[in-house]
Structure formats: structure tokens, C-alpha cells
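Structural overview
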Amino acid sequence: MQLDAADVPLGGKAAWLARRLRQAIADGRLTVGSRLPPTRVLAAELRLSRGVITEAYRRLAEDGHVEGRRRGGTVVVAAPSLAQVRARATGLYRSPAPAAPDRRVPGAVPDLFSGEPGADVFDTLRATHARIDFTPGQPDLTTFPRAAWLRAERAVLAGLSFENLGYGDPRGAPQLRRAVTAWLATSRGIRVEPDEVLVVAGTAQALTLLHPVLRDDGIDSVAVEDPGSLGTRQHLQNGNLATPPVPVDQGGVRVDALRATGARAALLTPAHQFPTGVVTSGERRRELLLWARDGGLVMEDDYDAEHRYDRPPVPALRALLADRVCYMGSVSKLLAPALRIGWVVPPPRYRAPLTEAKRFTDLGNAVLPQLVLARLMESGDLERHLHLLRRRHRRRRDAMIAALAEHLPGAVVHGAAAGLHLTVTYAPEVPDTDLAAAALARGVKCQPLSWHRQIPGNPGLVLGYAATPPGSVTEGVAILGEALRELG
């Protein structure tokens, strides 16, 4: 953009400069990530005092459009919609607008929250910058055990035989499958042999591999929890599988409603239900096992099972009924999603067809990361890392609970005893998509609960806390409270 010293008005210089910069951010001349000139440099070019430039930058920072990054300078972090810019130009603007931004504006905050979320909604949300990120399911990636990983990698490379550099077993490296069986036995109560474990690229790939296997078994419908993960529902639908919803209450999924769907398979998160955080009760587990013995298949996504704070562990369903449960787990929430390492323990009848599906998909996961992960598991470094995460995540969870009590006092908090997120529901005056859009316009990223519903229910937000320091958690929740009050 070009700013001419001759255009500077006699009065209101800071307001003029802030308005020009906002317009440039909105129409894409200053894109997210652009660095504004240092205050001293811009002051000299416009023949203004440095205080005028500082004040203009301060106003942009208060709106959530820029942030100071010390040696990194002042950087554009969010773009408003044209509606916001026009409101400022006419003098009608009072505070960051809650209205959904205009997707057509280059560089603007995408309009994620109108209409049904598409298949790319999570990619788009992930790529959208926000100063405070409450996206659920994100671990604290700053704690990735780099030193332990490097030690394990050096040890693996030092003893690596040439056979390990070939294609390997499509089921996964034997060393990792042995380590996984030990990990599952101690942490989840599952006792299996290494040959029963299939290493995959996370739960997403496990579901993709299961699509043709389920259809070959005559299954064309997989019941899902409601509310339940939009992402896993999209994966199932991508495989042309119907996803009838089954309500979740305080005991977990309602098995009477599951039976009523007529579905022969159900995808469940019994250890820490997403997004409500409910643990499937003992009575409900017994009902599920009876349903499974009658011919049902439980697809058990062991989501967030390791991350618990105020309750003892519960055994996996796979430990109770091996022949009717397909168990899925990963290290995405324990180490990092980028590793793309997970595992499936299928029922015996699915073992061979899943191995075939994996073979013809990619010939197996990369071997070196598998061997390093196996070393971390066997050495105890992974267990030590988990204890560190629990302490760290607990502090952040406590900060969010305290902030919610202060800034959203009428809201109901769900799922605080475990996991990496909280779900908050509130009185239904304000649609949660409007609240999520208003929050994003203010620099706070979160997901509306309605994204994860097929059955209508109270509005709410799904708020991840694990990746956000306590101070930012408090600030972000305060912004949510302010947005809700303004919308209401």
C-alpha cells in the first residue's frame, strides 16, 4: 500500500492512519502475516510524530487485527470483513463486529460458520490465523520430547540392520507392534499378541481402511454418537456409509436408541466421549456388550484415554469383548499429529482383509519413526512424557474452568475430568455459529457444538485448552464472554 504525507489531515492523524491500515487489511493489500513498518520508519516517511504511529498501531491491536512480536515487529494477524470497514468509515463502528466476515474479500477471515460445514472446514479453520486458538484435540506441541526423540533415533540408527531399510511388513514394524501390545496391556487393560496389531497412519486411515471391509461384511450403516465428532462422521460418509445419530446422555450412548437405528456397527468414544467428555457407565457397557453379542460391531475410538485428571482409568471395551470390538488408537494427542502413527486391533475376522487393505494402500508406514516410537515406549520416556502433559494440561484446564465461571457464569461446563477440551453449553438465545464467528473476528478460534450434532440441542462451544498457556486461556474466555453478551 502507498501512504502519502500530503494526505495526512490536520487533526485526527492516528484515527486516519488506523482507518487506512484497516482498509488495506480488509481488501487484501496487507495480508495476514504482513509486517507493518517500524514506528520510527513510518513516522519519518509520513512526517508525523512517532506517538501518532504508536497510537494507530495500538488501536489496530485492540481490534485484534495486529499484534506486536517484539523483534518480529508488528504483524497482521486477522482481517476484518468489508462490513466492518464500511461501518468504521461511516462512524457507526463501536467494537469488533460479531457479524460473519465476507469470504469474498481477499485475506479476510473466512465465513466458516454459515450453512453446513463442508469436507474442508477443518483445513480452512486450521489455516485461519487467530491470536488465541481453542481448537479441540490439539496437544501442547511445544512439549514434544525432542531430546528423548533424538536419543531414541540415534540409538535406533546405531543398531539399524539393512533389513529395516526395506519395505517391511505392511502390518507395521514388529518392534512397534510388540511395544504397542505392552502399552495397551498396562494402560488400557487390553491383552493381545503383536500379530493382532496393525500399525496405521492414525484413526483417520483406520476408518478409511475399514470402509471396504465393512461393506464386504454387509455393513452399510455405522451409528454415531450425537453429539459426536463431525470429522469422523465425514470420514464414514466419504466411504458411502450412512451415519444414523444415537443420543448421548450422562451414562454414554443410549443403547436402546442404538438398537432402534438397525445399524450393525457403531463408532463410539467410550473412555472420553467427544465432545461431551462422558465416560460410558458400567451399566451402559453391559448393554453395549449384549448388543454386540447379538451381532453388533463396536468401533472403539480410544479418544483422549490417556489424558485424565480427576478420575481413575476405565478399561477399554476391547478388553471385554474381543470378537465384537475393533479398537483404534494413536499417538496424535500424546506426541504429535504430524507423526501419523496409530494402530488398530481388529476382530479376528477383519485381520486379514485389513492387512490386505493396508498393503495395497501404502505398503505400510515409514519404518524409522515406528522404531523410534517403539524405543520411546520401551525406555519409559513416553510414560514420563505423559505424566508431564497431565500436569501441564491440568493447569490449563483449571484456568479455563475458572475463567468460564467468571466470564460465562450461566454456562454449563461438560467433560472436565479428562481430555484436552471442555464443552460449554448456554441458553439458546444466541446460535453457537454466530458466537464462534464473533469470537474469530476478535481473534479467538473455537468450534461451535452444532457442528458436531445431527439432532438439535442447546447451543455451545467446544474449547480446547491444552495448546494454550493459562494467561491466554483466561483472556480468550473473557473475549468469548464479551462476544456472547453483545450478541445476546
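For the structure given in this document, a descriptive report is provided here. Just so it is clear, the model here is predicted, and its values are computed rather than measured.

Thoughts on the packing of aromatic side chains
Any pair of aromatic rings gets described here by the distance separating the centres and the angle formed by the planes. Following the criterion strictly, the structure yields four aromatic pairs and no others. Measuring from ring centre to ring centre gives 5.8 Å for F144 and W149, while their planes differ by 50°; the resulting arrangement is tilted. Residue classification places F144 among the buried residues on the basis of a relative accessible area of 17%. Judged by centre distance (5.4 Å) and plane angle (75°), the ring pair of F274 and Y303 falls under edge-to-face.

Considering the layout of surface pockets
One number sums up the size of the second largest pocket: a volume of about 310 Å³. Looking at the lining of the second largest pocket, the elements with two or more residues in it are β6 (245-249) and β13 (421-425). Among the elements that line the lining of the second largest pocket, the one with the most residues is β6, at three residues. For the lining of the second largest pocket, a count of residues per class yields seven nonpolar, eight polar and four charged.

Considering the pattern of salt bridges
Enumeration according to the criterion identifies 26 salt bridges in this entry. Close ionic contact of D123 with R126 constitutes a salt bridge, the shortest N to O distance being 3.0 Å. Of the two residues, D123 and R126 both sit in helix α5 (residues 121-127), three residues apart, roughly one turn of that helix. Assessed through its relative accessible area of 46%, D123 is described here as partly exposed. Of the charged contacts, one joins R254 and D256 as a salt bridge, the two residues approaching to 3.2 Å between their closest N and O atoms. A residue is classified by how much of its surface remains accessible, and R254, at 32% relative accessible area, is partly exposed.

Calculation notes
Residue indices begin from 1 for each chain and proceed along its sequence in written order. Thresholds applied to this predicted model are a pLDDT of at least 70 for local features of residues and 80 or more for the giving and counting of side-chain atom pairs; totals over whole chains, interfaces and linings are not thresholded and use all residues. Here the side-chain values reflect all heavy atoms present in the structure, with hydrogen atoms and water set aside. Pairing of aromatic rings covers Phe, Tyr and Trp, the last counted by its six-membered ring, and requires centre-to-centre distances within 6.5 Å; plane angles under 30 degrees mean stacked, over 60 mean edge-to-face, and any other angle means tilted. Buried means the residue's accessible area, taken with a 1.4 Å probe over protein chains only, is under 20% of the maximum for its type, while exposed means over 50%, and partly exposed covers the values in between. Two kinds of site are reported from a 1 Å grid over the protein atoms alone, namely cavities, where a 1.4 Å probe fits but cannot get out, and pockets, open sets with protein on both sides within 12 Å along at least five of seven lines, and residues are called lining when an atom falls within 4 Å of a point. Grid points are joined across faces, edges and corners, and a volume is the space filled by probe spheres set on the points. Counting from the N terminus, the helices are DSSP H or I runs at least four residues long and the strands are E runs at least two residues long. Three categories are distinguished: nonpolar for Ala, Val, Leu, Ile, Met, Phe, Trp, Tyr, Cys and Pro, charged for Asp, Glu, Lys and Arg, and polar for the others, with Gly belonging to the last. Any Lys or Arg side-chain nitrogen found within 4 Å of a carboxyl oxygen on Asp or Glu counts as a salt bridge.

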